[in-house]
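Now for the letters of each chain:
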Amino acid sequence: MSTPPPGRGKEQKTFGWFEILSSAEERVNFLLEPYIPVEGIVFLHGKPSLGKSPLVWWMGLSIASGRPFLGLQTRQGTVVYIEVDGPPVLVRPRLRLLQDAFPDDVPFHTSFLHPGFELLRPTAAVQEELALLRGLEPSLVIVNTLRKTFPLSANESEVPSLVYGAFQRYFPGSAILLVGHDRKATADDQTLPGEESHSGSQAWRNDAQVVLHLVKQGGRPSVIRLDHTKSQVSELYPPMMLKLGEDGSHLSLLGEATLQETLDALSMMEPGLSRQEQDLRLAEMWGCSERTARRRRVLVGEMATKEILSQRPVGFRKSTT
């Protein structure tokens, strides 16, 4: 087995109790709070073709540019994106669609290692590429997708620690965001909790500091939900409702994308409808449950009132608190 290159200098590994108590760290630092802790392992999983790639592109480009990610604060740093799932001819055009959202000089570097490589037994060419990427000293390394970086069984409990450890040795000091798939659905999976639905051993979840799950929301194909299902470094963040653009690359908060649509829909309804009747109309229009429609209606009312009182243009931005 090939040995990854050594780390960036010798670091102290053993601390006395007084050193721990007197250390400068008062809290966990994040590249994207609360999803990506500095030097942490983040495991993101979801079904194929759901929007995982656009999600990690927006996360990575937000960090590289130092801009908020859909209202969540970031810490600026160099980002390396390793594309293993698709060839350059298919991925580059989708990335170029984001040129209107992010500057062209951000430190976001993409490496195409399609159709896969063996992380634990890399070829000389792969070792050279990984060494080049390591030389960029990235704050974040994104790997899309995880399954194509090792030939071993993903169901074996010892494999996740081997793979996670190898990425950490190749990229010391970097946070690692690894994209995986949900397991294939069966008749018994209809009520499967998100934290148990990923493909492979449960150790993929157990050995990560943060786990994110992307799922389809309601009957609209472009609406997805990001669930924060595990964190060792923060409280769990409420589910984030997202809307994937028609181009398959742009991403926005559902509230931002549909607030005006909701206001328009309510304004076109005949006067005198009860709130329950309004919710039923909205649920039918959006292909969602009446409960979801009611939450949307209430949110729109609250946000519209706040905007009117503050005399600002109607809009929505998810709170970071």
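Note that this is a predicted model, so its numbers are computed, not measured. (Residues numbered from 1 in each chain as written. Predicted model: local features only at pLDDT ≥ 70, side-chain atom pairs only at ≥ 80, totals over all residues. Heavy atoms only, no water.)

Student: Tell me about the overall build of the protein, residues and numbers included.
Tutor: When helices and strands are tallied, the protein shows nine helices and eleven strands. Expressed as a percentage of its 321 residues, the buried residues of the protein come to 46%. Counting only contacts in the protein whose residues sit at least 6 apart along the sequence, the fraction spanning at least 24 positions is 67%. When the accessible surface of the protein is split by element, carbon and sulfur atoms take 52% of a total near 17000 Å². (Helix = DSSP H or I, 4+ residues; strand = E, 2+ residues; numbered from the N terminus. Buried < 20%, exposed > 50% of the residue type's maximum accessible area, 1.4 Å probe, protein only. Contact = heavy atoms within 4.5 Å. Areas by Shrake-Rupley, 256 points an atom, 1.4 Å probe, with all protein chains shown as cover.)

Student: Give a detailed account of unusual backbone geometry, specifying residues and quantitative values.
Tutor: Note the cis peptide between Glu 33 and Pro 34, where omega equals 10 degrees. Mapped onto the elements, Pro 34 comes out in the loop between strand E1 (30-32) and strand E2 (36-37). His 114 connects to Pro 115 through a cis peptide bond whose omega is 10 degrees. Inspection of the secondary structure puts Pro 115 in the loop between strand E5 (108-112) and helix H4 (124-135). Phi is positive for Leu 70, which is not a glycine, with a value near 50 degrees. For Leu 70, the location among the structural elements is in the loop between helix H2 (52-65) and strand E4 (79-83). Positive phi is not limited to glycine here, since Glu 137 has a value of about 50 degrees. Structurally, Glu 137 is set in the loop between H4 and strand E6 (140-144).

Student: Please give an account of H4 that cites residues and values.
Tutor: Between the first and last C-alpha of H4 there are 16 Å, a value that for twelve residues agrees with the 16 Å anticipated at 1.5 Å per step. When we look at burial in H4, the residues that qualify are Val 126, Leu 130, Leu 133 and Arg 134. Projected down its long axis, H4 shows its buried positions confined to an angular sector of 100 degrees, all on one face. Relative to its buried face, H4 has exposed residues pointing more than 90 degrees away, namely Ala 124, Ala 125, Glu 128, Leu 132 and Gly 135. Next to the buried residues of H4 lie E4, E5 and helix H5 (159-170). Where H4 ends, the next residue or the one after it, Glu 137, has phi of about 50 degrees, a positive value. (Expected span 1.5 Å × (residues − 1). Arc of directions from axis to C-beta.)

Student: Any chance you could break down the packing of aromatic side chains for me, citing the residues and the numbers?
Tutor: One pass over the structure, following the stated rule, counts six aromatic pairs. With a centroid separation of 6.0 Å and an interplanar angle of 85 degrees, the aromatic rings of Tyr 35 and Tyr 237 are classed as edge-to-face. Of this pair, Tyr 35 sits in the loop between E1 and E2 while Tyr 237 sits in the loop between strand E9 (223-231) and strand E10 (240-244), placing them 202 residues apart in sequence. Like Tyr 35, the residue Tyr 237 is buried in the burial classification. In this structure an aromatic cluster arises from ring pairing among Trp 57, Tyr 81 and Phe 108. (Phe/Tyr/Trp six-rings, centres within 6.5 Å; stacked < 30°, edge-to-face > 60°.)

Student: Could you give me a rundown of the pattern of salt bridges, with the residues and numbers involved?
Tutor: Applying the stated criterion across every chain yields a total of five salt bridges. Of the charged contacts in the structure, one is a salt bridge between Glu 33 and Arg 27, with a shortest N-O distance of 2.7 Å. The exposure class assigned to Arg 27 is partly exposed, which follows from its relative accessible area of 48%. The closest approach of N and O atoms between Lys 148 and Asp 85, which form a salt bridge, is 3.1 Å. Taken together, the positions of Lys 148 in the loop between E6 and H5 and Asp 85 in the loop between E4 and helix H3 (88-96) put the pair 63 residues apart, joining distant regions of the chain. Residue Lys 148 is classed as partly exposed on the basis of its relative accessible area of 33%. In this structure Asp 85 comes out as partly exposed when scored by relative accessible area, which is 30%. (Salt bridge = Lys/Arg side-chain N within 4 Å of Asp/Glu carboxyl O.)

Student: Quick one: what's the story with the sheet that holds E10, residue by residue and with numbers?
Tutor: Consider a sheet: its strands pair through backbone hydrogen bonds, and that pairing is either parallel or antiparallel. Strand order across the open sheet formed by nine strands is E5-E4-E6-E7-E3-E8-E9-E10-E11, with mixed pairing between neighbours. Edge positions in the open sheet fall to E5 and strand E11 (251-253), since each of these has one partner strand only. Strand-to-strand twist in this sheet, taken as the mean axis angle between neighbours without regard to direction, amounts to 25 degrees. In this structure, strand E3 (residues 41-46) lies alongside strand E7 (residues 175-181), joined through six bridges in parallel fashion. (Pairing = 2+ DSSP bridges. Axes fitted to C-alpha atoms, helices over the stretch in contact; angles between N-to-C directions.)

Student: Go over the side chain of Asp 227, please, and point to the residues and values.
Tutor: If you trace the backbone, Asp 227 turns up in strand E9. Judged by its relative accessible area of 12%, Asp 227 falls in the buried class. Once residues lying within four places of it in the same chain are set aside, the contact partners of Asp 227 are Val 211, Leu 212, His 213, Val 215 and Pro 239.

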